[in-house]
Amino acid sequence: MLFNSIDFALFLPIVFLLYWSFYKSRRAQNILLLIASYVFYAWWDWRFLSLIFLSTAVDYGVGYRLKFTVYTK
């Protein structure tokens, strides 16, 4: 999916409307954006999803560890 494609022209408003429909829950908004990012990335080539899953897990782990380290000292 390219930014100048018809697919993206349909994808973006759907994600945008869903995002604002969850205005009461920041957690739901974040989960929606995570899933939308995976869908957008998979649209290009689903075989590389393992890279983004690995990146998500590593980034989450490092962020969690940093939070734990900063607040305990």
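Before reading further, recall that the structure is shown in the block above.
Residues numbered from 1 in each chain as written. Predicted model: local features only at pLDDT ≥ 70, side-chain atom pairs only at ≥ 80, totals over all residues. Heavy atoms only, no water.

1. Let's talk about the overall build of the protein
When its secondary structure is counted, the protein shows three helices and zero strands. Each helix (α) and strand (β) of the protein, taken in turn from the N terminus, gives the series α-α-α. At 15 Å, the protein has a C-alpha radius of gyration far larger than the 11 Å of a compact globule built from 73 residues. With the C-alpha coordinates aligned to their principal axes, the bounding extent of the protein is approximately 50 × 35 × 15 Å. (Helix = DSSP H or I, 4+ residues; strand = E, 2+ residues; numbered from the N terminus. Rg over C-alpha atoms; globule rule 2.2 N^0.38 Å.)

2. Remarks on the environment of asparagine 30
If you trace the backbone, asparagine 30 turns up in helix α2 (residues 26-44). Residue class for asparagine 30 comes out partly exposed when judged on its relative accessible area of 45%. The spatial distance from the C-alpha of asparagine 30 to the C-alpha of arginine 65 is 20 Å, given a sequence separation of 35 residues. (Buried < 20%, exposed > 50% of the residue type's maximum accessible area, 1.4 Å probe, protein only.)

3. A few points about the nonpolar core
Formed by Met1, Phe8, Phe11, Val15 and Ala36, the largest nonpolar core amounts to five residues. Element by element, the count of residues in this core is highest for helix α1 (residues 6-21), at three residues. Setting aside chain neighbours within four positions, we find alanine 36 in contact with Phe11 and Val15. (Core = buried A, V, L, I, M, F, W, Y, C linked by side-chain atoms within 4.5 Å. Contact = heavy atoms within 4.5 Å.)

4. A short note on a nonpolar patch on the surface
A contiguous nonpolar surface patch, about 490 Å² in accessible area, is contributed by Ile6, Leu10, Ile14, Leu18 and Phe22. By the element assignment, phenylalanine 22 lies in the loop between α1 and α2. (Patch = residues over 30% accessible without salt bridge, like charges linked within 9 Å, V, L, I, M, F, W, Y side chains within 5 Å. Areas by Shrake-Rupley, 256 points an atom, 1.4 Å probe, with all protein chains shown as cover. Salt bridge = Lys/Arg side-chain N within 4 Å of Asp/Glu carboxyl O.)

5. A closer look at the pattern of salt bridges
For the structure shown, the criterion picks out one salt bridge. A salt bridge links aspartate 45 to arginine 47, with the nearest nitrogen and oxygen atoms 2.8 Å apart. We classify aspartate 45 as buried; its relative accessible area is 15%. The exposed category is assigned to arginine 47, whose relative accessible area is 55%.

Remember that the coordinates give geometry; whether it matters functionally is a separate question.
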